[in-house]
Structure formats: C-alpha cells, structure tokens
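Structural features, examined
What follows is the residue order along each chain.
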Amino acid sequence: MKMRHGGDITTYSKLYQNELIDFSSNINPLGYPKGLKEFWKKHMNEGIKYPDIKYRKLKSHIAHYLHCNEDEVLVGNGAMEILDAVYNLCQNVEICYPSFGEYLDRAKIRKLNVTSIPLKDDLTVDMKLLDETLQENTIFILGNPNNPTGYRLEKDKLLKIYQMVREREGLLVLDEVFFEFCDYDYDSIELFRAYEFERVVIIRAATKYFALPGVRLGYACTNKRLIEELNKIILPWNVNIFADLAGQYIFNQEVYMEDSKKWIRSEREYVTTELEKLPGIKVYPGDCNFLLIQLQNHLEEEVLTFFLERGILIRTCSSFQGLGNNHIRIAIKGRDDNNKLLEVFREFLQEN
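Below, the structure is looked at part by part. (Residues numbered from 1 in each chain as written. Predicted model: local features only at pLDDT ≥ 70, side-chain atom pairs only at ≥ 80, totals over all residues. Heavy atoms only, no water.)

Each helix and strand in the protein chain was counted, giving 13 helices and 13 strands. Scaling as 2.2 N^0.38, a compact globule of 352 residues should have a C-alpha radius of gyration of about 20 Å, and the protein chain matches this with 20 Å. In terms of principal-axis extent, the alpha carbons of the protein chain reach across some 60 × 55 × 35 Å. The contacts of the protein chain with a sequence gap of at least 6 include a subset with a gap of at least 24, amounting to 73%. Summing over all exposed atoms, the protein chain offers an accessible surface of approximately 16100 Å²; the carbon and sulfur share of this is 48%. (Helix = DSSP H or I, 4+ residues; strand = E, 2+ residues; numbered from the N terminus. Rg over C-alpha atoms; globule rule 2.2 N^0.38 Å. Contact = heavy atoms within 4.5 Å. Areas by Shrake-Rupley, 256 points an atom, 1.4 Å probe, with all protein chains shown as cover.)

A word on the layout of surface pockets. Considering only enclosed or pocket space, the largest pocket measures out at about 540 Å³ in volume. Mapped by element, the contributors of at least two residues to the lining of the largest pocket are helix 4 (79-86) and helix 5 (101-109). When residues of the lining of the largest pocket are assigned to their parent elements, the largest contribution, three residues, is made by helix 5. Classifying every residue of the lining of the largest pocket gives 11 nonpolar, 10 polar and eight charged. Its boundaries defined by the atoms lining it, the second largest pocket holds a volume of some 380 Å³. Elements with a contribution of two residues or more to the lining of the second largest pocket: helix 3 (56-66), helix 8 (188-193) and helix 11 (254-276). The element contributing the most residues to the lining of the second largest pocket is helix 11, with four residues. Each residue belonging to the lining of the second largest pocket can be placed in one class, and the counts come to eight nonpolar, three polar and eight charged. (1 Å grid on protein atoms, 1.4 Å probe; cavity = no way out; pocket = protein on both sides within 12 Å on 5 of 7 lines; lining within 4 Å. Points joined across faces, edges and corners; volume = space filled by probe spheres on them. Nonpolar A, V, L, I, M, F, W, Y, C, P; charged D, E, K, R; others polar.)

The residue after tyrosine 97, namely proline 98, is reached through a cis peptide bond having omega 5°. Assignment of secondary structure puts proline 98 in the loop between strand 3 (92-97) and helix 5. Residues asparagine 144 and proline 145 are joined by a peptide bond in cis, for which omega reads 5°. Structurally, proline 145 can be placed in the loop between strand 5 (139-143) and helix 7 (155-167). Here the phi dihedral of glutamate 169 falls at roughly 55°; this positive angle occurs in a residue that is not glycine.

Let us now look at the sheet that holds strand 4 (residues 113-118). A sheet is described by the order of its strands in space; here seven strands give the open sequence 2-8-7-6-5-3-4, paired in mixed fashion. The sheet terminates laterally at strand 2 (73-76) and strand 4, the two strands that pair on one side only. The average undirected angle you get between the axes of adjacent strands in this sheet is 20°. Along the sheet face, helix 3 touches strand 2, strand 7 (200-205) and strand 8 (218-221) and points at about 120° away from the line of strand 2. (Pairing = 2+ DSSP bridges. Axes fitted to C-alpha atoms, helices over the stretch in contact; angles between N-to-C directions.)

A word on the sheet that holds strand 13 (residues 327-331). The four strands lie next to each other as 9-10-13-12, forming an open sheet whose pairing is antiparallel. Since the sheet does not close on itself, it has two edges, and those belong to strand 9 (281-284) and strand 12 (315-316), each with one partner. Here strand 10 (residues 290-295) runs beside strand 13; their pairing, made up of five bridges, is antiparallel. Its bridge partner lying in strand 13, isoleucine 293 is registered against isoleucine 328. Contacts between helix 11 and the sheet are confined to strand 9, strand 10 and strand 13, with strand 10 contributing the most and set at about 10° to the helix.

Let's shift gears to the environment of serine 25. Along the polypeptide, serine 25 turns up in the loop between strand 1 (21-22) and helix 2 (36-42). Overall, serine 25 belongs to the buried group, its relative accessible area being 17%. For the pair serine 25 and asparagine 326, spaced 301 residues apart in sequence, the C-alpha to C-alpha distance is 19 Å. Excluding anything up to four places from it in sequence, serine 25 contacts Gly6, Gly7 and Ala331. (Buried < 20%, exposed > 50% of the residue type's maximum accessible area, 1.4 Å probe, protein only.)

The next thing to look at is the pairing of strand 6 (residues 171-175). In terms of residue burial, strand 6 counts as a mostly covered element, since five of its five residues are buried. Residues Leu171, Val173 and Asp175 of strand 6 are buried on one face, and the alternating residues Leu172 and Leu174, pointing to the opposite face, are buried as well. Bridge analysis of strand 5 against strand 6 gives five bridges, and the strand direction is parallel. Bridge pairing in strand 6 links isoleucine 141 to valine 173. In this fold, strand 5 hands off to helix 7, which returns the chain to strand 6; that crossover is right-handed. The sheet contact formed by strand 6 and strand 7 spans four bridges and is parallel. Paired with leucine 174 across the bridge in strand 7 is isoleucine 202. Taking the sense of rotation as the criterion, the β-α-β connection linking strand 6, helix 8 and strand 7 turns out right-handed. (Right-handed = clockwise from strand over helix to strand, strands pointing away.)

Here it is as structure tokens:
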C-alpha cells in the first residue's frame, strides 16, 4: 500500500504496541505557540455563533504578518482548499514532479488539462524544459520549498519563472506552507509586492510551522481582483471559529518564531551531517524541516517495516511521481528523537 500522506498514525500504529514517533509528518517539534490554549478557552463561547463571514479580524492579523493589504488576503480550510479554488480559474495546469501529490490529484478531479514535467537529476527545476513546455493561460504550481525535495527556489530563478508565466498570461501559484522554516534570504510576498501581485498567488498555512494541522487554517496573498474572484468560489464560513481565533493569536509570537527557526536550522544541519556519514544512502540537503533520502541498496518497504518495529514511522515516497520505491522522507524533530532515528538507521544499514 502506497503512503499517500504523512501523519497516518492510525494505519501504522497496529504494527507497534507502544506509541510511535512520527517522522512522516513535518510539523514544528516545538508545538504550537504557548498561550494559544488559554486564548481558546477564554473565547470558548465564540463556538456557539457563526464566525464573521468576512473574517475581518483574521485577515487583519494575516495582512499584518505578511505585510500586505487586507483585501489581498484569502483564507481557507487549509492550503488545499485555496489551491482547489484557484484551479477553477483556468483549464490548464503545469506541474513539476516529484512534488506534492495533491497538485495532480486535485487537477484530475477538476478535469483540467495537465502537463507534467520532470525535475532535473539534481531535483531542481529544469528552466529550459519549462520554457519549452509552458503554454498560454496556464496555472503553473510550484512548492517553494518543494515537497518532498525540501528545495527552495533561488530568488533569481523564481523571478525568471514569474516572467515566463506573465509573458504567457498565466498564473504562478507558489505553495509556501514550509516557508517559515527556511532562511530569510528573500520573502516572496515582498518580492511580488513590487508587481502588485499580478498573476501570482502565494499560499501558506498554519499547519506546519505553527504546528496546527488539525485546525485547518490556510491563507493566501494575491491581488485584489483575484481575491474577489476566489471569494465567489470559496464556500461561506469555510474557516471554523477556532481556526479564526488561532489566526488572531499566533502571528505576533516573535520569540516563538525565532526559536523555531533556530531550532530547525540547528537540528537539520546535525541530522544531515550524521546521515551523510552513513553508507548506502544519499541525502538531499533541503532547506526546511524534512529531508529526502535515496536508498541505494534497499527498498522503501524494507526500511518502513524495520523502523516501525522499533517505534518510528517514516514517510515512504513511491507515491511521489518520478521517485520510485527507493526513497524515504524524514521530518526534523528534537535532538532525542533525532538521535533515536539515527541509531535505528545505523542499525538497519549494519544489519542489511
């Protein structure tokens, strides 16, 4: 059975008697910001009435966080609801692979004309091939950073891609749900503000960085005209009151944000360095809170079973188009859990 998404503890927990350490889901190991639980409790009575249908407070907090205008913000029940709404704007979509499987799945459900182009051998965007294949009036979607590679586009390359899309009167969609884990060498919101967000949609979420996957809060930034179109497509009251309240709290937690960034950077470098010492695997040194690993002499199911028997769930990657059955993905966690993962990896490679 192919693993379509990470975090499926219920399916795999039956194979291990005790609690699993979940390395398949890429969530901030620091957890959600302190004080949020108390904030929810304080406003618990909000649950007995409808949220503000226009989400004015929520959009105000998001706009302040993103440094954009409130009428340039769209909110959704997770990032994928926003992507699904965007897919209503055009009949053509181009997708690089390997990438998040829902890009293709949602496009098929919407019966869009899909062009899939492979990444290069180093798993970066093939600019020449993109220029040759990108058609007129096409949505081009990119993970930035990409899942499962963890790679973020360089600023100059991103701007070149944007110019290609604009010249063809298309729409660039950036899935940036892992954005905050990366080093701030540039911010795409700031970058595209100079273009008034013309022909670009930047999607982010509270899921990963703020460790709130169950709350389902996604948000996007684009120009006012496109926001108006998307608001006609999105269902009313699509964000529940607890997601609304979370968004009014989490975006001004500067200490939490800085601590999270430092923690992830330090642990990512540590885990990458230790894994690169091991024979029989190739590590792709990504830019965020997970790592893609190529197994040179083993199959993903062997590793999955071995790790499960020792209380660790990893993400197999054969469901990602173009990767086959010899790749896995692991999240970056706290030092103790990371050391357990490394210990099991060493044990597996020594015994096999």
